[in-house]
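What follows is the residue order along each chain.
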Amino acid sequence: MTVAQENLEIVPRGADDAAKFEGVQTPFRRFLSDFCESKLAVLGFVVIVAITLVAIFAPVLAPTDPYDLATVSVLDGRLGPGEAMMSGVTAHLGTDGAGRDMVSAMIYGLRISLGVGIGSGVIAMLIGISVGLFSAYAGGRIDSVLMRVVDIQLSFPAILVALILLVTLGKGVDKTIIALVFVQWAYYARTIRGTALVERRREYIESAVCLGLSERRIIFRHLLPNCIAPMIVVGTMQVAHAISLEATLSFLGLGMPQTEPSLGRLISNGFEYIMSGKYWISVYPGIALLVTIVSINLVGDRLRDVLNPRLQK
Amino acid sequence: MKPWRQLGLAALAVAALSTPVQAADVVIGMRSEPSSIDPYFHNLGPNNAMLGQIFDRLTDWTPGMDKIIGRAAVSWKAINDTTWEYKLRKGIKFHDGSDLTVDDVIFSFERADAYEGGNSSFRTYTKGKTLKKVDDHTLHIITESPYPLMPNDTTTVMIMSSEAKGTGADGKNKGISAKDFNDGTAAVGSGPYKFVEWKKGDRIVLEKFDGYQGPLAQPWDKITFKFIKAEPARVAALLAGDVDMIDNVPTSDIERLKKEPKVSLSSGVSNRVIYLHLDQFRDTSPFVTTKDGKPLDKNPLKDPRVRKAISMMINRDAIVERVMEGVAIPAGQLLPDGFFGRSSKLKTEAYDPKGAKKLLAEAGWGDGFGLTIHGPNDRYVNDAKIAEAIGQMLSAQGIPTKVETMPKNVYFKRASKGAEGGLPEFSFVLVGWGSGTGESSSPLKSLLATHDPAKGMGASNRGRHSDPRVDDLLGQALATVDDDKRGALLAQTTDIAIGENQGIIPLHYQVNTWATRQGLKYNPRADERTVGIDLVPAN
Amino acid sequence: MSVFIIRRLLQAGLVVVVMSFIVFSGVFMVGDPVEILVSDDADQEERERIIQSMGLDKPFIVQYGLFVAKALQGDLGESFVFNEPALLLILDRMPATMELAVVALLIAVVFGIPLGVWAGLRPDSLASKSIMTGSILGFSLPTFWVGIMMILLFAVYLGWLPSTGRGDVQVILGMPISVLSWDGFSHILMPAVNLALFKLSLVIRLARAGTREVMHQDYIKFDRAKGLSDARIILIHVLKNIMIPVVTVLGLEFGGLVAFSVVTETVFAWPGMGKLLIDSIGQLDRPVIVAYLMIIVFLFVFINLIVDILYSLLDPRVRLQDVKA
């Protein structure tokens, strides 16, 4: 099994091929121009930046605070797009069943979805990097035991593992992040171990060892920077995956609580209205979710092509 | 493109298939699946609804729960303080052709009473009763003390054939396992419909019993119950013509379905009241805080004036109108109009934020305090949204309220005994209660009587309301056979427990809605049951 | 060789034991099944009786011990809700899930390989770019959302296909099969497509990547020089080369399909194992939850074991490496 999955892995097999191409261009420039060849990917990147800014500045941008129960009122519930709420604010995309302005709810929902996706991704990445590097560096029995654990973890589908975890943990932002970290860390661990093993055998590490540099310095100054490329690729894909998984879990009735809806939760709240013609409650958050995930995946996809030179002509 | 053309052909074929093959067959899309065909395995709504079509009971409720009618029994009366006499209908046959006699009734009660391994037994209804055969069609049920609720109790226990699996079977549950019922071997009743098959997770099929004797109608030759748990999927199945009726129509779809010409709706008020329990037993309550969320050294909820004020802050009309989309009735007590043991004095609390603030100030809480409301999110119609709406209303009136909802499987454990010492964990909870006996004694006994496991009182009293006057009056009512006197006592108990003490805050009575395809109608049932026999052709 | 297989068997056994403990203790911590099952009218005494009859009054370790002792004899406990052996309940539902997964897999392969090969042969054409962007959509669209949209479109709006459920089945060799009758087929079509979407994108990508790699190889250039037709080159060389990764990955992903059918089955009310799991979670039917997970764990460990053994047969290095470790 190990072999089968390693085939699919994103290891910069041709890291030294890339070096050959270096000439006038700096690697970063080259990367940039390669990346920009795909207009879709550039568009995706722009969208991601915009979405991230919206999420960060949610409290400033949102017309109302959808989490302040004293101002949200059921009397505003299920208003159509463009109708005015009691407070006088126009709900441009309508309101949901509890009377939250959809624009505000989506902006805040985006914040939660992105927060959960990126937050769990970063934590999983940190854990994955530590385990992966340790495993690669320690080698021998420790390495084989750790990788066996990783293999076993990866052989179970993420949805199932997350489902079980959330059944036991309950609802909430923190619990959802824990579950998502749990299903993601192993991807990072294996990717980084693979990369590190390749890199460790290279001359520059060997010369660093000969120079008598400390292990810590070798790992953090030399080994780690060379693992960044595959980490970025895996990271982007995993964030998209995490956001989608969170939405699915919310749909199954687990994941985020009702009063702090993520995009997935908003869709599933609106799902019950979809047959009644109140499409805006689930369709707009659905579109926001799709745009987010597709943009991230477009960028991730391009990154993979660009950072994996073997596929280049 | 080829696949598309094929899909087009497919569409034609489906259209041809989905036209009704036989007018006398009907398919019903239901939310909840029974857990067994064994009539005593699980005392649960979906089971009691489904199995009541296969098995007779001695007595039964009319759909509106306003009257008890005889099914296997033709008449019943109390012949003295402690004995009820039931006369059985003559000529009743079981589906296997054998006769139904008093022996079968006694056999059934014995199996129900001693049932082992079930999920929730009928012992509540069989306990303390001795059954005596007088002749094949006369039965005496004897209790130790006067027992007014006998006809109500006999609407629960179903009657199975004592020869369902040969005679004289011994051992656990009379030698008949739940599996014997589920595969049809022992599922022999005398009701209007015969059991055909149960594909778990998918469907149950029933077939008309030609030899049926009794008051119930048999409008269909074959009834198929399909279990579709997801709300939109159920509505979609009706609109797509896959089923002829669905139950538990989501409130969000009612408005749209009303406009749909191929669908008609039937709705009826149920015996279920949605209400709030408030912590009345702790001096400091875990989820009552200061306005900024710090612990509070007093529990304002112990003061009836505060409870009353909270009740006045709730805009019940807004909840009914906006959250329930008009399908609920604002509540002022335990059961809606037309049920037994209601108080005629109690009115639905009017929305009065000013009066509420005044009352709060009188009680010394004019500056307000903080609360958390806990509720389930998958138990009652729109439960989580109701909790959220209440959170909004209290927050807007100076009691900042957090809302926490959770799946019922976690919620009820915590609400009943989540705190140390098996005490209720929460301070302010949203719950519902459907009166199994059809009168207010059931909720009074379980929700408002002093919590006392030994006596079986206050079993679900999650706010621990306690008033000796209530206990005393209720005790009297439960031992009064005379209906008029008992009704008056129950009304008086309700007046004290809710009117004076505000032991709970009633919100609304649930209204259940069924949707049928055009040309059919459903007689809405107050007990929330979905059965084929109440689905009839319109006109 | 036998050393290798014994090692792997032991490891697999260890995984099953560890997972059983994790799953059992996880499920044990949640909620109170009695509160769900018991009727509103039940009094305290009644509740106590049910707790005892389910064995819930015993300490956790005792409960787990009893579970293991029974599990070793092939008994995974009785469902709290149905009072029937949990294992039988699940096995009863298994054919429906398996059929759904197999049909989804077929859809993924039958549509995915031609699309992927096409995209790989002409990487810069518009069609190829559309296919690839489409496959990104396939990765990105949450399954439940697509399912809902499909029901709305094909069942409600167009009325072409039934919205939910399984329809007629034919029993072949004791296995109920849907696809043989039109009614059954029309019921399985939407859920199977829904479940297939993700894997379809995966197959497209694998096929495209494989094709692109192969097309750059010298022997293809040689074949071309020899004057072999494109069709022949594709059939012989390209397909042969891409089938290996596709088949391997799909073998591994089959378990994923079974697991992911939880979502599809919930949306389409498909009476399979996944729907049983979600229903059981809602009702806290612990024995069924645990039994389901044990079966899945078993399935996965089994699939991985087979793959490992096959690899060790094909590639002796794997075997040596493992023995050394």
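Not measured: the values here are computed from a predicted model.

J.: Can you tell me about the overall build of chain B, naming the residues and giving the values?
T.: The secondary structure content of chain B amounts to 16 helices and 22 strands. The C-alpha radius of gyration computed for chain B amounts to 25 Å, which stays within 12% of the reference 24 Å derived for 539 residues, consistent with globular compactness. By principal-axis analysis of the C-alpha atoms, chain B measures approximately 80 × 70 × 40 Å. Burial analysis of chain B (539 residues in total) assigns 55% to the buried set. Restricting to contacts in chain B with at least 6 residues of sequence separation, those with at least 24 account for 69%.

J.: Provide a residue-level description of the overall build of chain A, including the pertinent values.
T.: Summing up its helical and strand segments, chain A has 14 helices and 2 strands in all. When the 313 residues of chain A are sorted by exposure, 52% land in the buried category. Put simply, of all contacts in chain A between residues at least 6 apart along the chain, 69% involve residues at least 24 apart.

J.: With reference to specific residues and values, describe helix 11 (residues 353-362) of chain B.
T.: Residue and element names in this part refer to chain B. Among the residues of helix 11, Ala 356, Leu 359 and Leu 360 are the ones counted as buried. Within helix 11, the buried residues cover an arc of 100° as seen down the axis, which keeps them to one side. On the buried face of helix 11, the contacting elements are helix 9 (304-313). The positive-phi residue at the C-terminal boundary of helix 11 is Gly 364, with phi of around 90°.

J.: Explain the nonpolar core to me, using residue names and the numbers behind them.
T.: Ranked by size, the top nonpolar core spans 331 residues in total, and within it Ala 162 of chain A together with Ala 104, Ala 192 and Tyr 292 of chain C carry the most contacts. If we skip the residues at most four places from it in the chain, Ala 192 of chain C touches Leu 100, Val 103, Ala 104 and Ile 107 of chain C.

J.: Pulling in residues and values, what's your account of the interface of chain B and chain C?
T.: Counting residues at the interface gives 51 residues for chain B, matched by 50 residues for chain C. Elements with a minimum of two residues in the side of chain B that touches chain C: helix 1 (2-18), helix 4 (123-126), helix 6 (178-182), helix 7 (231-239), helix 13 (408-417) and strand 19 (428-434) of chain B. Looking at the side of chain B that touches chain C residue by residue, the classes come out as 22 nonpolar, 17 polar and 12 charged.

J.: Describe the packing of helix 9 of chain B against helix 11 of chain B, naming the residues involved and giving the relevant values.
T.: When two helices pack together, their arrangement is given by the angle between their axes and by how far apart the axes lie. All names here are of chain B. Viewed as axis vectors pointing N to C, helix 9 and helix 11 meet at an angle of 165°, and their least axial separation amounts to 8 Å. If you check the angle between helix 9 and helix 11, you find them roughly antiparallel. Judged by the sense of rotation from one axis to the other, the crossing of helix 9 with helix 11 is left-handed. Judged by residue contacts, Arg 305, Val 306, Lys 308, Ala 309, Met 312 and Met 313 of helix 9 engage Pro 353, Gly 355, Ala 356, Leu 359, Leu 360 and Glu 362 from helix 11. The class makeup of the residues in the contact of helix 9 with helix 11 is 8 nonpolar, 1 polar and 3 charged.

J.: Mind laying out helix 9 of chain B, listing which residues take part and the relevant values?
T.: When you tally the buried positions in helix 9 of chain B, you get 8 out of 10 residues, the bulk of the element. Where helix 9 of chain B is buried, its residues contact strand 14 (263-278), helix 11, helix 12 (383-396) and strand 20 (504-517) of chain B.

J.: Tell me about the pairing of strand 7 (residues 129-135) of chain B, and name the residues and values.
T.: Residues and elements named next belong to chain B. Sheet topology note: the strand 7/strand 8 (residues 138-143) ladder contains 6 bridges and is antiparallel. Pairing of Lys 129 across the sheet is with Thr 143, part of strand 8. Between strand 7 and strand 8, which pair antiparallel and follow one another directly, the connecting turn spans 2 residues.

J.: So what's going on with the interface of chain B and chain A? Which residues, and what values?
T.: Tallying the contact residues gives 30 residues for chain B and 21 residues for chain A. Of all the elements in the fold, those that place two or more residues in the side of chain B that touches chain A are helix 7, helix 8 (251-259), helix 10 (316-323), helix 12 and strand 18 (401-406) of chain B. Per-element accounting of the side of chain B that touches chain A gives the leading share, 8 residues, to helix 12 of chain B. Looking at side-chain class alone, the side of chain B that touches chain A contains 15 nonpolar, 7 polar and 8 charged residues.

J.: Help me get a handle on the packing of helix 14 (residues 280-307) of chain A against helix 6 (residues 126-140) of chain C, residues and values and all.
T.: Running from N to C, helix 14 of chain A and helix 6 of chain C point in directions that differ by 125°, and their axes come no closer than 9 Å. Between helix 14 of chain A and helix 6 of chain C, the crossing angle belongs to the class labelled oblique. Judged by the sense of rotation from one axis to the other, the crossing of helix 14 of chain A with helix 6 of chain C is right-handed. Contacts between helix 14 of chain A and helix 6 of chain C pair Leu 290, Ile 293, Val 294, Asn 297, Leu 298 and Asp 301 of chain A from the former with Ile 136, Leu 137, Phe 139 and Ser 140 of chain C from the latter.

J.: Please provide a residue-by-residue account of the sheet that holds strand 7 of chain B, values included.
T.: Residue and element names in this part refer to chain B. Taken in spatial order, the 4 strands of this open sheet run 5-6-8-7, and their pairing is antiparallel. Looking at the sheet topology across the chains shown, the edges are occupied by strand 5 (73-80) and strand 7. When strand polarity is set aside, the average angle formed by the axes of neighbouring strands in this sheet is 20°. In terms of strand pairing, strand 5 meets strand 6 (residues 83-88) through 6 bridges, oriented antiparallel. Bridging across to strand 6, Ser 75 finds its partner in Lys 87. Sitting on the sheet, helix 3 (residues 102-113) is in contact with strand 6, strand 7 and strand 8, with an inclination near 165° to strand 7.

J.: Explain unusual backbone geometry residue by residue, including any values.
T.: All names here are of chain B. We note that Asn 382 has phi near 55°; this positive angle belongs to a residue other than glycine. The topology assignment puts Asn 382 in the loop between strand 17 (370-376) and helix 12. With 23 C-beta atoms packed within 10 Å, Asn 382 lands in the buried category. If you check the backbone angles, Arg 464 has positive phi at about 60° while not being a glycine. Relative to the helices and strands, Arg 464 is located in the loop between helix 14 (441-448) and helix 15 (468-478).

J.: Any chance you could break down the confidence of the model for chain A for me, citing the residues and the numbers?
T.: Residue and element names in this part refer to chain A. Model confidence for chain A is summarised by a mean pLDDT of 80, while 89% of its residues fall at 70 or above. Here helix 1 (residues 2-8) is the element of chain A with the lowest mean pLDDT, 37, and helix 4 (residues 39-56) is the one with the highest, 92. Ignoring residues within four places in sequence, the model shows residues 1-23, a span with pLDDT below 50, making 37 contacts including any to other chains.

J.: So what about the environment of Leu 88 of chain C? Which residues, and what values?
T.: Tracing the chain through its elements places Leu 88 of chain C in helix 5 (residues 86-121). Taking the C-alpha atoms as reference points, Leu 88 of chain C and Arg 286 of chain C, separated by 198 residues in sequence, lie 15 Å from one another.

J.: Describe the environment of Val 299 of chain A, naming the residues involved and giving the relevant values.
T.: Residue and element names in this part refer to chain A. The topology assignment puts Val 299 in helix 14. Here the alpha-carbon distance between Val 299 and Leu 43, two residues 256 residues apart in the chain, equals 8.7 Å. Once residues lying within four places of it in the same chain are set aside, the contact partners of Val 299 are Ala 41, Gly 44, Phe 45, Ile 48 and Thr 236.

J.: Explain the confidence of the model for chain B to me, and be specific about the residues and the numbers.
T.: Any segment with low pLDDT has predicted coordinates that should not be analysed in fine detail. Per-residue confidence for chain B averages 89 on the pLDDT scale, and 95% of its residues sit at or above 70. Among the scores for the predicted complex, ipTM is 0.76 and pTM is 0.80.

How each quantity is defined
By convention here, each chain's residues receive numbers from 1 onward along its written sequence. All chains are assigned letters beginning at A, and all ligands numbers beginning at 1, according to the order in which they are written. Whole-chain, interface and lining totals are the exception, using all residues; otherwise, since this is a predicted model, local features are given only for residues with pLDDT of at least 70 and side-chain atom pairs are given and counted only at 80 or more. Secondary structure follows DSSP: runs of H or I at least 4 residues long count as helices, runs of E at least 2 residues long count as strands, and numbering of each begins at the N terminus. Both definitions apply: the radius of gyration is a C-alpha atom measure, and the globule rule equals 2.2 Å times residues to the power 0.38. Whether a residue is buried, exposed or partly exposed follows from its count of other C-beta atoms within 10 Å of its own C-beta, namely 20 or more, 12 or fewer, or something in between, respectively; the C-beta atoms are built from the backbone. With C-beta atoms placed from the backbone, a contact is any residue pair whose C-beta atoms sit within 7 Å. Throughout, the arc means that of the directions going from the helix axis to the C-beta atoms. Connectivity within a nonpolar core runs through C-beta atoms within 7 Å, and the core itself is a set of buried Ala, Val, Leu, Ile, Met, Phe, Trp, Tyr and Cys residues. Under the convention adopted here, Pro, Cys and the residues Ala, Val, Leu, Ile, Met, Phe, Trp and Tyr are nonpolar, Asp, Glu, Lys and Arg are charged, and Gly plus all remaining residues are polar. Throughout, an axis means a line fitted to C-alpha atoms (over the contacting stretch in the case of helices), and angles, computed between N-to-C directions, take values from 0 to 180 degrees. Every angle not falling under 35 degrees, over 145, or within 65 to 115 is termed oblique; those three ranges are roughly parallel, roughly antiparallel and roughly perpendicular. Left-handed describes a crossing whose near helix is turned anticlockwise from the far helix by less than a right angle; the clockwise case is right-handed. For two strands to count as paired, DSSP must find a minimum of two bridges between them. Scored from 0 to 100, pLDDT reflects the predictor's confidence in each residue.

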